[in-house]
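Observations on the model geometry
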Amino acid sequence: MAFRSKLRLFTLQPNRPFSSSILNPDSKTPPLSRKEKSRATLSALSLLRLETNRRYLPSHLTHPRHAPLKKSNDYGRIRTIIKNSLSRTDCRSELSVSHLIVLYGQAGLIKDALELFDEMPNFGIQIGVKALNSLLFSCILAGEYSEMKRGLCESGSADSAHSILAEMESKGINPDTKTFSVAIAGFYKEEKFDDVEKMIASMKKYGVEKGIGIYNVMMQSLCKLKRSNEAKALLDEILLKNMTPNSATYNHLIYGFCKEGKLDVAKSLFEEMISRELKPQAECYFTIVYYLCKGNDFEVALTICKESMSKGWIPNMTTMRCLVSGLISVEKVDEAKEIIAVMKDKFSRNVDPWIEIEEGLPK
């Protein structure tokens, strides 16, 4: 049976266990054609990649002691930890079990992931989009679809994405914001702008709001393509709709304009962000300080860097050395000494480079 037919068979039969023949490495299923690769890729990527946020995972499963398990290949311990987790009341939900499925995928135990997926009804858990997303993602983590990503690059297709959405609907599983976010980001990456618009139109059909999350994905994607002016136009659209941008909105724009060398716009956006009482994250500070130094705007870079350091966020060594050198070049030696003193204090085990710079300063 062709891959497409097998996927449809699952999605149209809510109570049917997921057939492992598609995913089993011993399966005799013939290699996928380019079109089938595209469909398989979109079915996975459109449904799942944002479903693996660790902050939703019960705390006992994110403990550092579990990190070496993947490297040790101690499959027995991994199975024990996950099975013991299923006895906990805080793991008896679709969301928690979905993450356990992903853990199996990370360990390469795809058969165990499939078994857990099939057993969900026995635990009184209804199978929904989160579980399906996680199962498909586990297949990618385990290497079961080694060519899925390549398939997307070869022949991404909006028609395939729409078809998968229709199959989900027929099973009573509604796509959500995350589903559309991943699809939209993928089409932007391939610069398929017409397909982005088709996805946005589909959102209305499925009752998914074009909220700030979707706008942020669009702005981030445009900034990565060095189309920051278009991304900023989306910010203007947000404000006209009386929607409230968040820190991520400005982080994406600041990065985009910095990368394009439009530092005046980036500085203006940073100021606007502060005026709206939005709190820049560490990465935002690091980005703007780095690019201001590259643009020889050392005084503004110093001001923002000091604000960042007051929060305990210190840019990397390369950025800080560039800032110190720049301050010296514009005769801000005292300010450079202040920065050096902070770096020597914070990184006492690696003071030699700073001592060397300090010794070369004008007396």
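Source: prediction; values computed, not measured.

What counts as what
- Residues numbered from 1 in each chain as written.
- Predicted model: local features only at pLDDT ≥ 70, side-chain atom pairs only at ≥ 80, totals over all residues.
- Heavy atoms only, no water.
- Core = buried A, V, L, I, M, F, W, Y, C linked by side-chain atoms within 4.5 Å.
- Buried < 20%, exposed > 50% of the residue type's maximum accessible area, 1.4 Å probe, protein only.
- Contact = heavy atoms within 4.5 Å.
- Axes fitted to C-alpha atoms, helices over the stretch in contact; angles between N-to-C directions.
- Helix = DSSP H or I, 4+ residues; strand = E, 2+ residues; numbered from the N terminus.
- Parallel < 35°, antiparallel > 145°, perpendicular 65-115°, else oblique.
- Left-handed = near helix turned anticlockwise from the far one by under 90°.
- Phe/Tyr/Trp six-rings, centres within 6.5 Å; stacked < 30°, edge-to-face > 60°.
- Patch = residues over 30% accessible without salt bridge, like charges linked within 9 Å, V, L, I, M, F, W, Y side chains within 5 Å.
- Areas by Shrake-Rupley, 256 points an atom, 1.4 Å probe, with all protein chains shown as cover.
- Salt bridge = Lys/Arg side-chain N within 4 Å of Asp/Glu carboxyl O.
- Lys, Arg positive; Asp, Glu negative; His and termini not counted.
- Charge placed at Lys NZ, Arg CZ, Asp CG, Glu CD.
- Expected span 1.5 Å × (residues − 1).
- pLDDT = per-residue confidence, 0-100.

1. Some details on the nonpolar core
Formed by 58 residues in total, the largest nonpolar core has its most connected members in I184, I254 and I339. With near-sequence residues (within four places) excluded, I339 lies in contact with L302, M309, M320, L323, V324 and L327. Counting 20 residues, the second-largest nonpolar core is a separate cluster that includes A113, L114, I125 and I127.

2. Notes on the packing of helix α5 (residues 94-106) against helix α6 (residues 110-119)
Two elements in contact, α5 and α6, have axes whose closest approach is 8 Å; the angle formed by their N-to-C orientations is 165°. Compared by their axis directions, α5 and α6 come out roughly antiparallel. Crossing of α5 over α6 shows left-handed handedness. Of the residues in α6, those in contact with V97, L100, I101 and Y104 of α5 are D112, A113, L116 and F117.

3. As for unusual backbone geometry
Residues apart from glycine generally show negative phi values, whereas peptide bonds are mostly found in trans. Positive phi, close to 60°, is recorded for N242, a residue that is not glycine. Its location among the elements puts N242 in the loop between α13 (228-240) and α14 (247-259). One non-glycine residue, E277, lies in positive phi territory at about 60°. Among the secondary structure elements, E277 is positioned in the loop between α15 (263-275) and α16 (282-294). Its relative accessible area of 72% is what places E277 among the exposed residues.

4. A word on the packing of aromatic side chains
Tallied over the full model, the rule gives five aromatic pairs. Between the aromatic rings of F180 and Y206, the centroid separation amounts to 6.2 Å while the plane-to-plane angle is 45°, which identifies the pairing as tilted. With F180 in helix α10 (residues 177-189) and Y206 in the loop between α11 (193-205) and α12 (212-224), the pair connects residues that are 26 residues apart, well separated along the chain. Side by side, F180 and Y206 carry an identical accessibility label, which is buried. Taken together, the ring pairs in this structure connect F270, Y285 and W313 into an aromatic cluster.

5. Notes on a positive patch on the surface
Among the surface-exposed residues, K189, K224, K226 and K259 lie close enough to one another that they form a single positively charged patch. Looking at the secondary structure, you find K259 in helix α14. The partly exposed category is assigned to K259, whose relative accessible area is 35%.

6. A few points about the pattern of salt bridges
Taken as a whole and judged by the stated rule, the model has 12 salt bridges. The shortest N-O distance in the salt bridge between R227 and E230 comes to 2.8 Å. The class of E230 is partly exposed, set by a relative accessible area of 38%. Between K267 and D264 there is a salt bridge; the shortest N-O distance is 3.7 Å.

7. A short note on the environment of D334
Within the secondary structure, D334 sits in helix α19 (residues 333-346). For the pair D334 and L361, spaced 27 residues apart in the sequence, the C-alpha separation amounts to 9.8 Å.

8. As for α10
Compared with the 18 Å implied by 1.5 Å per residue over 13 residues, the 18 Å span of α10 between its first and last C-alpha is a close match. Among all positions of α10, only T179, F180, S181, V182, A183, I184, F187 and Y188 are buried.

9. Remarks on the confidence of the model for the protein chain
With 69% of its residues at a pLDDT of at least 70, the protein chain reaches an overall mean of 75. Overall, residues 1-70 carries pLDDT values under 50, and its contacts beyond four positions in sequence, including any with other chains, amount to 137 contacts. Counting contacts from residues 145-158, a segment whose pLDDT is below 50, to residues more than four positions away or on other chains yields 32 contacts.

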